[in-house]
Amino acid sequence: SNVEGSLTSYSQCFQLHALLLPWDRFSAWLHCICVVGFDLELGQAVEVRKTSICYLSFPDSNSGCLGDTQFCFRFRQGSNRKSSLGCFLETTDRDAPPCLKREQGHYYGYVYFRQVRDKSLKRGYFQKSLVLISKLPYVTFFHSLLKIMAPEYFEKQEPCLEAACNDIDRWPTPHPGRILTLPIMGVVIKVRIPTCYDKPGTSQLVQSAQSDSQVSIVLPTIHEVDLFRCFYPVFFHIQMLWELVLLGEALVVMAPSPAESSDTVLALVSCISPLRYCSDFRPYFTIHDSEFKEYTTRTQAPPSVILGVTNPFFAKTLQHWPHIIRIGDMKQAGEMAKQMKVKKLKNLKTLDSKPGVYTAYKPYLNKDEEIIKQLQKGVQQKRPSAAQNAILRRYFLELTQSFIIPLERYVASLMPLQKSISPWKSPPQLRPFIQQDFMKTLEKAGPQLTSRLKGDWIGLYRNFLKSPNFDGWFRNRRREMTQKLEALHLEALCEEVSKKGGREGGRECKEQLPVRPGTVAKLRAHIEAVILALPEDLQGILHKPSTP
C-alpha cells in the first residue's frame, strides 16, 4: 500500500516524510525481493513472485559455479507505472551524482546464488538464488546486504526474509550527503550516499566512532567496483577501452562466470565517471532475455550497448560485433604479459579463444605508457589491490576530466549575461551548441592544457558529439542551465515586486528551481499581500483560506 495519488506541489514533497505509509520506506530502497529455486520439470522458477527475471538469476549451466556466487543484472521496466512516491524520490535523487541517480526505465537485480551438493535432492544439488530488485545502482551496498541476508535465509527460510523486510522498512530514505545507520538482521551497516557536490575522485570516508559500538560494517563506497581487478585480464588496452565506452561503441564481454561478466561491464561503465554512461548496458545477459533478438540481429548494425555474457553460444551469435573483450578466470595471475596485442576479430572463431580484446578499432589517442609501467611495477612489488585500484581510478578520472573540461567551458559560454534577465520579460534562452564554434575553442583551450596525451583529440571529440553519451550529458547540462535562468528570473521578479509593492504575481516552482533560500517564501508573502488588497469577492476566488 503506497501513498495514493500524485503529489505535485513542491511543499507537499517535503510533507511526504510525515505521510509515509507501511512499506514506503522499503520501496525507497527496493522494488521487491525474489527467491528463485530450480525445478526439475520447469527449470528456474520464482518461488515468491513469478517474473521474467528467473533466467537472469541463475548462472548458465556451463559456468559451473559451485558454492556461493554474487553478481548483478539489469533489465527494462515492463510498463510505465510510476511510483506514487515519485515526487518524494525526485527530491532525494536531485543531489545524487549522475551515475547514482535512480534508473528511469530499468531495474537492477542483485543476486546471491548458492549451489551445493545435496544427495537428498533428485538433481543432486541444492540450487537457489536470493535476488534484490531495485532502481538504485548501489552495487557494492546491495552485495554487502545480500552477504548478510542470503546465508540466514538459506538456513532459516521465509520468516527470516519477513524480518529483513521489516528492518528495511524502518530505514531512513537513501538521501545523498547523509551518513546512514541501517540495522538489518542484528547487524548494523553504516554508509554515506555521495552527492553531486562532492569533489570527483574523493570519497568522504565514513569513520566508525567509538560511540558506534552497535555498528558492525562500515562501507567506504556504495557503488564502486575494483577497477584494477576487473581490467587485469585486458590490462594493456585500458585506454582503448575508455575510448570505446566514451564513444558508446557496441561492446560485448565474454566471461567464464556471471560474477566476472557483471563486474567487468560495471567497471567499463564507470571508467568514464564522472560522465554518465547513457546507452544501455547489461552486466549479465542470457539467450532468454527479452532483448536477445533485438541485440543479436545481423540485419542492422549492433546497437550502442555493453553486454556481459557467459554462454558459449554467444561466440557465434555475436561474432559480427565490432569489439569483443574475452576474459579468462580473474583468479589466474601472470596472464598480464600475454595480451599486449589487440587481436583480429576473424580469430574469434572457437569457444576456447584466448583472453584479449578482439577489434579492428584504431584509438584516436597515443598510448599512455606511464600508467602501464606504474601498474606493472605495482604488480612486481605486490602493491595492495586497493592501491592499484586507486591509481587506475585516478587515471581514468583525470583522462575524462581533461576531455570534458573544454566542453563544460564552451557550454558555460552559451549562458546569457545576467544583465539580460528582466523581471518584465520571459527568461532569456540559452544560445545553441554549434559544433564548429566549439571545435575552434580547442586550439587554445583544449585538453592539452590538462593532459600530457598526444593524438587526434579533434577526431575523438567529433565522434563523441554523435554519441548517446554526449546527447545525455548535454540534455542534462541544458536542463540545469535553463533551471538556473528561471531561478534568476524568479529572483529578479521577486526583487521588483518587493520594490514596487507589486502588481506582478510569481511563478510556481514546478521544477524545484535552485532559487536562493527565502526567495519562494518572500514571493509567496508578496502574492498574499496583493490578494489581501483586492475586493473580498476576488479574494474568495484567489485566496484559499488556511482554516476550513
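Residues numbered from 1 in each chain as written. Predicted model: local features only at pLDDT ≥ 70, side-chain atom pairs only at ≥ 80, totals over all residues. Heavy atoms only, no water.

Enquirer: Where do I start with the overall build of the protein in this structure?
Expert: Within the protein, the regular secondary structure consists of 17 helices and 13 strands. Residue burial in the protein is summarised as follows: out of 548 residues, 51% are buried. Of the contacts formed within the protein by residues at least 6 apart in sequence, a portion of 71% connects residues at least 24 apart. For the protein, the exposed surface amounts to about 28,100 Å²; the carbon and sulfur share of it is 52%. (Helix = DSSP H or I, 4+ residues; strand = E, 2+ residues; numbered from the N terminus. Buried < 20%, exposed > 50% of the residue type's maximum accessible area, 1.4 Å probe, protein only. Contact = heavy atoms within 4.5 Å. Areas by Shrake-Rupley, 256 points an atom, 1.4 Å probe, with all protein chains shown as cover.)

Enquirer: Even after reading the chapter, I still don't get the confidence of the model for the protein, so can you show me in this structure?
Expert: Predicted coordinates in regions of low pLDDT should not be interpreted in detail. Confidence along the protein averages 81 in pLDDT terms, with 78% of residues attaining 70 or more. Summarising per-element confidence for the protein, the mean pLDDT is lowest in helix α1 (residues 10-19) (42) and highest in helix α7 (residues 238-246) (97). Per-residue pLDDT stays below 50 along residues 1-18; that stretch engages in 28 contacts with residues further than four places along the chain or on separate chains. (pLDDT = per-residue confidence, 0-100.)

Enquirer: Hey, could you run me through the packing of helix α4 (residues 139-156) against helix α5 (residues 158-168) in this one?
Expert: The description of two helices packed together rests on the angle between their axes and the distance between the axes. Contact pair α4 / α5: the axes reach a minimum separation of 7 Å and the direction vectors enclose 145°. Contacts between α4 and α5 involve Met-149, Glu-152, Tyr-153 and Lys-156 from the former and Glu-158, Pro-159, Cys-160, Leu-161 and Ala-164 from the latter. Its residues placed into classes, the contact of α4 with α5 shows 6 nonpolar, no polar and 3 charged. (Axes fitted to C-alpha atoms, helices over the stretch in contact; angles between N-to-C directions. Nonpolar A, V, L, I, M, F, W, Y, C, P; charged D, E, K, R; others polar.)

Enquirer: I'm lost on the packing of aromatic side chains in this one. Help?
Expert: Where two aromatic rings form a pair, the distance of their centres and the angle of their planes describe that pair. Tallied over the entire structure, the rule returns 40 aromatic pairs. Of the aromatic side chains, those joined through ring pairs into one cluster are Trp-242, Phe-403, Tyr-410, Phe-433, Phe-438, Tyr-461, Phe-464, Phe-470, Trp-473 and Phe-474. The ring of Tyr-108 is capped by Arg-74, whose NZ or CZ atom sits 6.0 Å from the centre of that ring. Over the aromatic face of Tyr-107 sits the side chain of Lys-135, whose NZ or CZ is 4.6 Å from the ring centroid. (Phe/Tyr/Trp six-rings, centres within 6.5 Å; stacked < 30°, edge-to-face > 60°. Lys NZ or Arg CZ within 6 Å of the ring centre and 35° of its normal.)

Enquirer: Could you clarify how one ought to interpret α5 in this entry?
Expert: Three- or four-residue spacings in an α-helix give side chains the same orientation, since the helix completes a turn every 3.6 residues. Restricting attention to buried positions, one finds in α5 the residues Cys-160, Leu-161, Ala-164, Cys-165, Asp-167 and Ile-168. Along the axis of α5, the buried residues cluster in a sector spanning 155°; they form a single face. Among the exposed residues of α5, those pointing more than 90 degrees away from its buried face are Pro-159 and Glu-162. (Arc of directions from axis to C-beta.)

Enquirer: Is there a simple way to think about the sheet that holds strand β9 (residues 251-254) in this case?
Expert: Strand pairing in a sheet relies on backbone hydrogen bonds. The paired strands run either parallel or antiparallel. On the basis of which strands lie adjacent, the open sheet formed by 5 strands has the order β10-β11-β9-β12-β13 and mixed pairing. Of all the strands in the sheet, just β10 (280-282) and β13 (356-359) have a single pairing partner and so form its edges. When strand polarity is set aside, the average angle formed by the axes of neighbouring strands in this sheet is 15°. Note: β9 against strand β12 (residues 323-326), 4 bridges, orientation parallel. Opposite Leu-251, over in β12, you have His-323 as the bridge partner. α7 rests against β9, β11 (305-309), β12 and β13 of the sheet, and its axis sits at about 50° to β13. (Pairing = 2+ DSSP bridges.)

Enquirer: Any chance you could explain the sheet that holds strand β8 (residues 217-218) here in plain terms?
Expert: Across the sheet, 3 strands lie side by side as β6-β7-β8; this open sheet has mixed pairing. Across the chains shown, the open sheet's two edge strands, defined by having one partner strand only, are β6 (179-184) and β8. The pairing of strand β7 (residues 187-192) with β8 spans 2 bridges and is parallel. Bridging from a neighbouring strand, Ile-189 pairs with Ile-217 of β8. Docked against the sheet, α4 engages β6, β7 and β8, running at close to 180° with respect to β7.

Enquirer: I'm lost on the nonpolar core in this one. Help?
Expert: The tendency in soluble globular proteins is for nonpolar side chains to be buried side by side. Grouped together as the largest cluster of nonpolar side chains are 103 residues, with contacts concentrated most on Trp-29, Phe-141, Phe-231, Trp-242, Phe-403, Leu-407 and Phe-433. Excluding its chain neighbours within four sequence positions, the residues that come into contact with Leu-407 are Phe-433, Phe-438, Tyr-461, Phe-464, Leu-465, Phe-470 and Trp-473. Membership of the second largest hydrophobic core comes to 17 residues, among which are Cys-32, Phe-75, Ile-133 and Tyr-284. (Core = buried A, V, L, I, M, F, W, Y, C linked by side-chain atoms within 4.5 Å.)

Enquirer: Honestly, the environment of Ala-492 in this entry has me stumped. Any pointers?
Expert: Position of Ala-492 among the secondary structure elements: in helix α15 (residues 468-500). Each residue touching Ala-492, except ones within four places of it in the same chain, is listed here: Ile-421 and Pro-423.

Enquirer: Just to check I follow, could you spell out the environment of Cys-160 for this structure?
Expert: Counting through the fold element by element, Cys-160 comes out in helix α5. Sequence separation between Cys-160 and Met-185 is 25 residues, and the spatial gap between their C-alpha atoms is 8.2 Å. In this structure, Cys-160 is in contact with Glu-152, Tyr-153 and Met-185, ignoring residues within four places of it in sequence.

Enquirer: Got a minute to help me understand the pattern of salt bridges in this structure?
Expert: Applying the stated criterion across every chain yields a total of 18 salt bridges. Across the salt bridge formed by Glu-152 and Lys-156, the nearest N and O atoms sit 3.0 Å from each other. Residue Glu-152 and its partner Lys-156 are located together in helix α4, separated by 4 residues, close to a single helical turn. The partner of Arg-282 in a salt bridge is Glu-291, with the nearest N and O atoms 2.9 Å apart. Each of the salt bridges in this network shares a partner with another, and the network as a whole consists of Arg-74, Arg-76, Glu-103, Arg-276, Asp-280, Arg-282, Asp-289, Glu-291 and Glu-294. (Salt bridge = Lys/Arg side-chain N within 4 Å of Asp/Glu carboxyl O.)

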